[in-house]
Amino acid sequence: MRELFLGEYIRQERLKQGITQEQLCEGICEPITVSRMENGKQFPSYSRIRAFLQRLGLPDERYFALLSKNELEVKALQDEIRADSIRFERAALEERPRIRAAGLQKLEELEKIAEQDDRVVRQYIMSERAVFGRPEGSYTTEERLNILLDALRITVPNLDLEEINLGLYSMDETTLLNKIANAYAELGSLKKAIDIYRQLLKYVQKHYCEGISRYAGKLTLISHNYANLLLRAGYYDDAIEIARSGRKACVEYAHYQFLPGFQHLLGVCYFHKEDLEKCKEYYKCAYYLYKSVGDDCNRLRLEKDAKKHLGENFSF
């Protein structure tokens with residue numbers, strides 16, 4: 001088997017998919033950078049290489065390189081900020097100011113050490129600011145939506161939410177699209193949010209098909225959010241279809257985070273379809289999954305749903 005250097009590997013995969021250099025690097029860098037990389041004359045930054053691989057739907061763990069000291073510092077800060085962001089969204093209200101202050105301070109540090117022309121890192125900084133908000137508090141949903149849209153346009157300058165399938169996206173870019181859809185839903189624009197999720201799910205299913213086990217978390221997240229919005233809009237059959245495919249992906253790729261949520265969602269759908277036996281079956285499955293992982297918040301929410309939908313005498 002002939003060995004390939006990274007640039008040649010990217011060129012072969014790009015040509016196989018019929019993607020031009022301009023399409024691959026749009027919003028990230030100039031086409032000449034891709035040309036030099038493919039010819040072995042230039043080695044772009046770590047953040048750009050990851051974005052290229054992900055836009056091609058290639059598992060980025062295949063990429064190994066010696067990072068510069070600056071790139072190591074940037075990556076370490078991004079990992080810390082990402083962890084703070086997750087903690088912030090899960091934290092109680094009284095804990096959020098402390099986590100917000102720490103996260104915003106790290107974003108300032110990242111802004112100082114990142115290369116000025118690294119659009120991928122700039123996008124990351126803006127998207128995380130949308131999560132943390134200002135020092136004095138969170139952004140409104142409308143403000144957050146506008147920040148997320150501006151962040152995505154840094155690397156997707158010709159963004160068209162009506163034609164998502166026409167673009168190429170990295171994992172960070174699909175994460176932004178997911179957050180944008182959520183923001184539209186929070187603002188009450190369910191139709192807009194559902195349409196974004198419909199397109200986004202198709203994109204992930206098609207584009208990451210070869211490395212889907214690597215991207216299973218993204219697939220299940222999008223399926224879960226999409227199915228929930230369909231349920232809210234009253235499209236119960238569509239919600240069941242998406243929830244079942246998401247549940248299958250959870251099992252097939254051993255990515256179980258959303259499995260109890262899919263079971264719970266299916267139970268609610270079947271209640272609205274007046275199939276109480278299936279409702280009970282899915283509620284029981286969800287209940288024991290929540291209980292086994294210690295998710296008391298969702299377990300109590302399920303108990304409330306079961307009492308409301310199935311009556312006082314229902315027991316697990």
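Residues numbered from 1 in each chain as written. Predicted model: local features only at pLDDT ≥ 70, side-chain atom pairs only at ≥ 80, totals over all residues. Heavy atoms only, no water.

A short note on empty space enclosed by the protein
Reasoning step 1: For the coordinates displayed, the defined rule picks out 1 cavity of 30 Å³ or more.
Reasoning step 2: Estimated volume of the largest cavity: approximately 50 Å³.
Reasoning step 3: Taken together, Ile28, Ser47, Arg50, Ala51, Gln54, Val120, Gln123, Thr155, Ser170, Asp172 and Glu173 form the lining of the largest cavity.
Reasoning step 4: Secondary-structure elements contributing two or more residues to the lining of the largest cavity are helix H4 (46-55), helix H7 (119-132) and helix H9 (171-186).
Reasoning step 5: When residues in the lining of the largest cavity are grouped by element, the largest group, 4 residues, is from H4.
Reasoning step 6: Taken together, the residues that form the lining of the largest cavity break down as 3 nonpolar, 5 polar and 3 charged. (1 Å grid on protein atoms, 1.4 Å probe; cavity = no way out; pocket = protein on both sides within 12 Å on 5 of 7 lines; lining within 4 Å. Points joined across faces, edges and corners; volume = space filled by probe spheres on them. Helix = DSSP H or I, 4+ residues; strand = E, 2+ residues; numbered from the N terminus. Nonpolar A, V, L, I, M, F, W, Y, C, P; charged D, E, K, R; others polar.)

Some remarks on helix H15 (residues 296-310)
Reasoning step 1: Taking 1.5 Å of rise per residue, 15 residues should cover 21 Å, and H15 covers 20 Å from first to last C-alpha, within 8% of that figure.
Reasoning step 2: Buried within H15 are the following residues: Arg299, Leu302, Asp305, Ala306, His309 and Leu310. Buried residues in H15, looked at end-on, bunch into an arc of 120°, giving them a common side. The exposed residues of H15 that point more than 90 degrees off its buried face are Cys297, Lys304 and Lys308.
Reasoning step 3: In this fold, the buried residues of H15 make contact with helix H13 (259-272) and helix H14 (276-293). (Expected span 1.5 Å × (residues − 1). Buried < 20%, exposed > 50% of the residue type's maximum accessible area, 1.4 Å probe, protein only. Arc of directions from axis to C-beta. Contact = heavy atoms within 4.5 Å.)

Remarks on the packing of aromatic side chains
Reasoning step 1: Counted by the stated rule, this structure contains 5 aromatic pairs.
Reasoning step 2: With a centroid separation of 5.7 Å and an interplanar angle of 10°, the aromatic rings of Tyr270 and Tyr282 are classed as stacked. Here Tyr270 is found in helix H13, whereas its partner Tyr282 is found in helix H14, with 12 residues between them in sequence.
Reasoning step 3: Arranged with centres 5.1 Å apart and planes meeting at 90°, the rings of Tyr287 and Tyr288 form a pair that is edge-to-face.
Reasoning step 4: For Tyr288, a relative accessible area of 44% corresponds to the partly exposed category. (Phe/Tyr/Trp six-rings, centres within 6.5 Å; stacked < 30°, edge-to-face > 60°.)

What about unusual backbone geometry?
Reasoning step 1: The residue Ala254 is not glycine, and still its phi comes out positive at about 50°.
Reasoning step 2: Assignment of secondary structure puts Ala254 in the loop between helix H12 (236-252) and H13.
Reasoning step 3: Residue classification places Ala254 among the exposed residues on the basis of a relative accessible area of 52%.
Reasoning step 4: Backbone geometry at Glu274 places phi at a positive 65°, although glycine is not the residue there.
Reasoning step 5: The residue Glu274 is located in the loop between H13 and H14 in this model.

Some thoughts on the packing of helix H10 (residues 190-207) against helix H11 (residues 216-232)
Reasoning step 1: Close contact between H10 and H11 brings their axes to 9 Å; oriented N to C, the two are set at 150°. Considered as vectors, H10 and H11 are oriented roughly antiparallel to each other. Seen from above, H10 lies across H11 with left-handed handedness. Of H11, the residues touching H10 (which contributes Leu190, Ala193, Ile194, Tyr197, Arg198, Leu200, Leu201, Val204 and Gln205) are Lys218, Leu219, Ile222, Ser223, Asn225, Tyr226, Leu229, Leu230 and Arg232.
Reasoning step 2: For the contact of H10 with H11, a count of residues per class yields 12 nonpolar, 3 polar and 3 charged. (Axes fitted to C-alpha atoms, helices over the stretch in contact; angles between N-to-C directions. Parallel < 35°, antiparallel > 145°, perpendicular 65-115°, else oblique. Left-handed = near helix turned anticlockwise from the far one by under 90°.)

With respect to the nonpolar core
Reasoning step 1: Grouped together as the largest cluster of nonpolar side chains are 79 residues, with contacts concentrated most on Ile10, Phe52, Leu161, Ile180 and Tyr184.
Reasoning step 2: Sequence-distant contacts of Phe52, defined by excluding residues within four places in its chain, comprise Ile10, Leu24, Cys25, Ile28, Cys29, Val34, Met37 and Pro44. (Core = buried A, V, L, I, M, F, W, Y, C linked by side-chain atoms within 4.5 Å.)

Keep in mind these numbers describe shape, not what the thing actually does.
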